[in-house]
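# Results of the structural survey
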Amino acid sequence: QVQLVESGGGLVQPGGSLRLSCVASGSIFSLNAMGWYRQAPGKQRELVAAITSGGSTNYADSVKGRFTISRDNAKNTVHLQMNSLKPEDTAVYYCKGTIVTVTTGYEYDYWGQGTQVTDSS
């Protein structure tokens, strides 16, 4: 059993900052790529940022230069630092981990429950 739990969402003014965190726990053999996705009302879920186990990163064009993804492999944690937030960043943010479990030895994608980020304007 693997769980991903996000935290750090909330209400923020335009131009403000938030830091999201996601902790993976359970029968984890290896935690490979991790990423943050978001889904705004009426829109499809989209990739925001991703990071490999080696630290290579990838960002959506809409957040480049404003968001930074990082990870702490020792703590099975991934963060998303969001600066200069815009109204269009309002969405539910989901953490995804590509994880090899101890029990199966296979790689699966696991998702967190999501955390809401809302522009206060």
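Predicted model only: the values in this text are computed from it and were never measured. Residue positions are given per chain, counting from 1 as you read along its sequence in written order. Local features in this predicted model are restricted to residues whose pLDDT is 70 or higher, and side-chain atom pairs enter the listing and the counts only when it is 80 or higher, whereas totals over whole chains, interfaces and linings include all residues. Side-chain measures were taken over the full set of non-hydrogen atoms in the model, leaving aside hydrogen atoms and water.

## Description of the state of the cysteines
Which entries qualify depends on this criterion: Criterion for a disulfide: a pair of cysteine sulfur atoms at a distance within 2.5 Å. Secondary structure counts use DSSP, requiring at least four H or I residues in a row for a helix and at least two E residues in a row for a strand, with both numbered from the N terminus. Here's how the labels work: a residue is buried when its accessible area is under 20% of the maximum for its type, exposed when over 50%, partly exposed in between, all with a 1.4 Å probe on protein chains only.
As enumerated under the stated definition, the model contains one disulfide in all. One disulfide bridge connects C22 with C95, the sulfur atoms lying 2.1 Å from each other. Measuring handedness by torsion sign, the sulfur bridge of C22 and C95 sits at about -80° and is left-handed. Taken together, the positions of C22 in strand β3 (residues 18-26) and C95 in strand β9 (residues 91-101) put the pair 73 residues apart, joining distant regions of the chain. Classification of C95 by relative accessible area gives buried; the value is 0%.

## Observations regarding empty space enclosed by the protein
The criterion, for reference: A 1.4 Å probe that fits but cannot get out identifies a cavity on a 1 Å grid over protein atoms alone, an open set with protein on both sides within 12 Å along at least five of seven lines counts as a pocket, and a residue lines either if it has an atom within 4 Å of a point. Grid points are joined across faces, edges and corners, and a volume is the space filled by probe spheres set on the points. Just so you know the grouping, Ala, Val, Leu, Ile, Met, Phe, Trp, Tyr, Cys and Pro go in nonpolar, Asp, Glu, Lys and Arg go in charged, and all remaining residues, Gly too, go in polar.
Applying the stated criterion across every chain, the model contains one cavity of 30 Å³ or more. In this structure, the largest cavity spans a volume of roughly 40 Å³. Of the residues forming the lining of the largest cavity, the biggest block, three residues, is contributed by strand β11 (residues 115-119). Its residues placed into classes, the lining of the largest cavity shows four nonpolar, three polar and three charged.

## Regarding the environment of N83
Heads up, the condition is: What makes two residues a contact is simply this: any of their non-hydrogen atoms within 4.5 Å. Polar contact is the term for a pair of N or O atoms within 3.5 Å; when the atoms are in protein, one must be able to donate a hydrogen and the other to accept it, and sequence-neighboring residues count only if both atoms are side-chain atoms.
If you trace the backbone, N83 turns up in the loop between β8 (77-82) and β9. On a C-alpha basis, the gap between N83 and S30 in space is 30 Å, while along the polypeptide they are 53 residues apart. Apart from the residues within four sequence positions on either side, N83 is in contact with G16, S17, R66 and F67. Polar contacts involving the side chain of N83 include one to the side chain of Q81, which spans 2.9 Å.

## With respect to the side chain of S21
Turning to its location among the elements, S21 is positioned in strand β3. For S21, the side chain forms a polar contact with the side chain of H79, separated by 2.8 Å. Look past the residues within four positions of S21 in its chain and what remains in contact with it is V5, E6, S7, W36, V78 and H79.

## Re the sheet that holds strand β1 (residues 2-7)
Just so we agree on the cut-off: Note on pairing: DSSP must find at least two bridges between two strands before they are called paired. Here the axes come from fitting lines to C-alpha atoms, over the contacting stretch only for helices, and the angles between their N-to-C directions go from 0 to 180 degrees.
Strand order across the open sheet formed by four strands is β1-β3-β8-β7, with antiparallel pairing between neighbours. Strands with a single pairing partner mark the edges of an open sheet, and in this sheet they are β1 and β7 (67-72). Strand after strand, the sheet turns through a mean of 15° between neighbouring axes, direction not considered.

## Some words on the nonpolar core
Our working definition: We call a set of buried residues a nonpolar core when its members are Ala, Val, Leu, Ile, Met, Phe, Trp, Tyr or Cys and they connect through side-chain atoms within 4.5 Å of each other.
In terms of nonpolar packing, the biggest core is built from 29 residues, with W36, L80, M82 and Y93 touching the most fellow members. Those elements that place two or more of their residues in this core are β1, β3, β4 (28-39), β5 (46-51), β7, β8 and β9. Setting aside its immediate chain neighbours within four residues, L80 contacts L18, R19, L20, W36, V48, A49, F67, T68, I69 and Y93.

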